[in-house]
Amino acid sequence: MDRPKSRPMVSRVIPVELFDLVVFGATGDLAQRKILPALLRRFVAGQVPEGSRLIGAARSEHSVAEYRAFAEAALAEHAAGVGTAEQRKAFIETLDYVTVDATGAQGWPELATKLVAGRVRAFYFSVAPRLFGALAERLHKYGMASGDARIVVEKPFGRDLATAEALNRDLAQHFAERQIYRIDHYLGKETVQNLLALRFANLMFEPIWNAAHIDHVQITVAETVGLEGRVAFYDDAGALRDMVQNHMLQLLALVAMEPPGSFNATAVRDEKVKVLRALREMGTGKTVTGQYRAGAIGGKAVPGYDEELGKASNTETFVAIKAHVDNWRWKGVPFYLRTGKRLPQRVTEIMVQFRCVPHSIFAGKGATMQPNRLVIGIQPEENISLSLMSKVPGLDREGIRLRQVPLDISMPDAFVGQHRRIAYERLLLDLIEGDQTLFVRRDEVEAQWHWIDAIRAGWRAEGLAPKPYTSGSWGPSAAIALAERDGVSWHE
Ligand code: BG6
């Protein structure tokens, strides 16, 4: 019998509530690459109700017509082919602009008069964190911080615990926690959310999702890109702050958390924060840092970090960590994390390595066993693959041969007709609808920094310098040794 082909999914598009979204930093990189394209896509899908507006706000003087032309150019570059010419034109007409001085008085009264009462009101702080406090204060001063107004803040949310706490305090002076949406765009990725479906909508995983059955977990976020022009920002941050503090710890929390009572902001975030607080503080022997040198990626020569930067630097562009979650469920289970720039391929994945079966009935027949492993591919491929032991077909006269075979789910094949969405589409809709489940809560961000600060303090105390690695390799050899010491190899 032919297996039925998966059918295209047809999802009903439900418009969100009427809204005014003010984007501070409206001429910046994020607005051009993510916010405008994401909103255009939802507009084209019919999810933005008529009358809703994106009001750009920035320091530079522009007329509304100029800002619209600017946005049009940004969309031509970052959202080419989305919608028809009429739809794009209609979207552009929803854009407004006000010149605003974040730390002065210019533009604020004008912005206040533009907002319409009775709509959802959201303010996107797509600006440097040092301006967060000033923006929050002015929104309050000029009467825009109504009880249901929402603010959105982006990373970097501080550079250590003290600065993150200070930012939280500044925002909390004028906005309640239920009004503050801290973005970690990894939470907007479809497969990241699917991790929760995999764990909590299936019966077979949760009973074995613990130290008794799991040997270790690996989380890899590998990138091929280098500095991408973000010279000053990146050199000040480094891979630990840029990727581990936020995205990787969020992935770890979702893998390790207890089942929440329901899929809502309080329940999910309560469970995540418990994991983050249970992370063991660790010594430097459990981390490896690296910095890329010149090399080749995909056959193309690329310069080293110091050449891109134009000077020597001690900033890490690679980090590997052996982490532990100190609680009953994860007792003794290492979580190996690694992330880096200029690695051989772009891949984000979570690998769960199960333990061996307690006894092999096939041992006497010469068969070797390998433990099961579950690989959750987040990008570029969205897939879930479970490796199972299977008998190699044959009459077995010379013994039984077993081999690992993958049980694969490719998301694009399983859900034909579903477009891949950029994380910001989902997050913007959740913002308008007031759903904070996929945004990071204050206590989470502080727990994340607490753990990261201890790692950095260890590096400082030992004067640890990043080890060089060739661009296009999987980082310094010490990263391989970190896992191999435990008899583990990185999944590649
Ligand atoms: C950002 C980091 O948060 O995430 C970048 O600042 C990184 O350095 C990016 O390149 C990776 O995001 P994505 O969605 O491409 O995996």
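Structure shown above.
Computed from a predicted structure; not experimentally measured.

### A word on the pairing of strand 5 (residues 150-153)
Right, on to step 1. Every second residue of strand 5 is oriented toward a common face, with Arg 150 and Val 152 on one face and Ile 151 and Val 153 on the other, all of them buried.
Right, on to step 2. With four bridges joining them, strand 4 (residues 120-125) and strand 5 adopt parallel strand pairing. Counterpart to Phe 125 in the pairing with strand 5 is Val 153.
Right, on to step 3. Once you follow strand 4 into helix 5 (residues 132-141) and on to strand 5, the crossover reads as right-handed.
Right, on to step 4. Strand direction decides the pairing type here: strand 5 and strand 6 (residues 180-182), joined by three bridges, are parallel.

### Points about the pattern of salt bridges
Right, on to step 1. In the structure shown here, the tally under the stated rule is 30 salt bridges.
Right, on to step 2. Between Arg 329 and Glu 206 there is a salt bridge, with the nearest N and O atoms lying 2.9 Å from each other. Residue Arg 329 is found in the loop between strand 11 (318-324) and strand 12 (334-340), and its partner Glu 206 is found in the loop between helix 7 (190-200) and strand 7 (214-222); the two are separated by 123 residues along the sequence.
Right, on to step 3. Take Glu 206: its relative accessible area is 17%, and that puts it in the buried class.
Right, on to step 4. The residue Glu 444 makes a salt bridge to Lys 272 at a minimum N-O spacing of 2.9 Å. Linking Glu 444 in helix 13 (residues 442-462) with Lys 272 in helix 9 (residues 265-278), this pair joins segments that are 172 residues apart in sequence.
Right, on to step 5. For Glu 444, a relative accessible area of 0% corresponds to the buried category.
Right, on to step 6. The class for Lys 272 is buried, based on a relative accessible area of 1%.
Right, on to step 7. What emerges from the salt-bridge pattern is a single network uniting Asp 20, Arg 53, Asp 96, Lys 114 and Arg 119.

### Quick look at the sheet that holds strand 8 (residues 287-293)
Right, on to step 1. Reading across the sheet, the nine strands line up as 16-15-14-13-7-12-11-8-17 and stay open at both edges, with mixed pairing between neighbours. This sheet does not close on itself; its edge strands, each paired only once, are strand 16 (402-410) and strand 17 (467-470). Taking each pair of neighbouring strands and ignoring which way they run, the sheet shows an average axis angle of 20 degrees.
Right, on to step 2. As defined by bridge partners, strand 8 adjoins strand 17 across four bridges and the pair is classed as parallel. What sits directly across from Gln 291, in strand 17, is Pro 468.
Right, on to step 3. Those strands touched by helix 8 (residues 231-256) are strand 7, strand 11, strand 12, strand 13 (347-354) and strand 14 (373-379), and its axis lies near 145 degrees from that of strand 12.

Rules of the game
Residues numbered from 1 in each chain as written. Predicted model: local features only at pLDDT ≥ 70, side-chain atom pairs only at ≥ 80, totals over all residues. Heavy atoms only, no water. Buried < 20%, exposed > 50% of the residue type's maximum accessible area, 1.4 Å probe, protein only. Helix = DSSP H or I, 4+ residues; strand = E, 2+ residues; numbered from the N terminus. Pairing = 2+ DSSP bridges. Right-handed = clockwise from strand over helix to strand, strands pointing away. Salt bridge = Lys/Arg side-chain N within 4 Å of Asp/Glu carboxyl O. Axes fitted to C-alpha atoms, helices over the stretch in contact; angles between N-to-C directions. Contact = heavy atoms within 4.5 Å.

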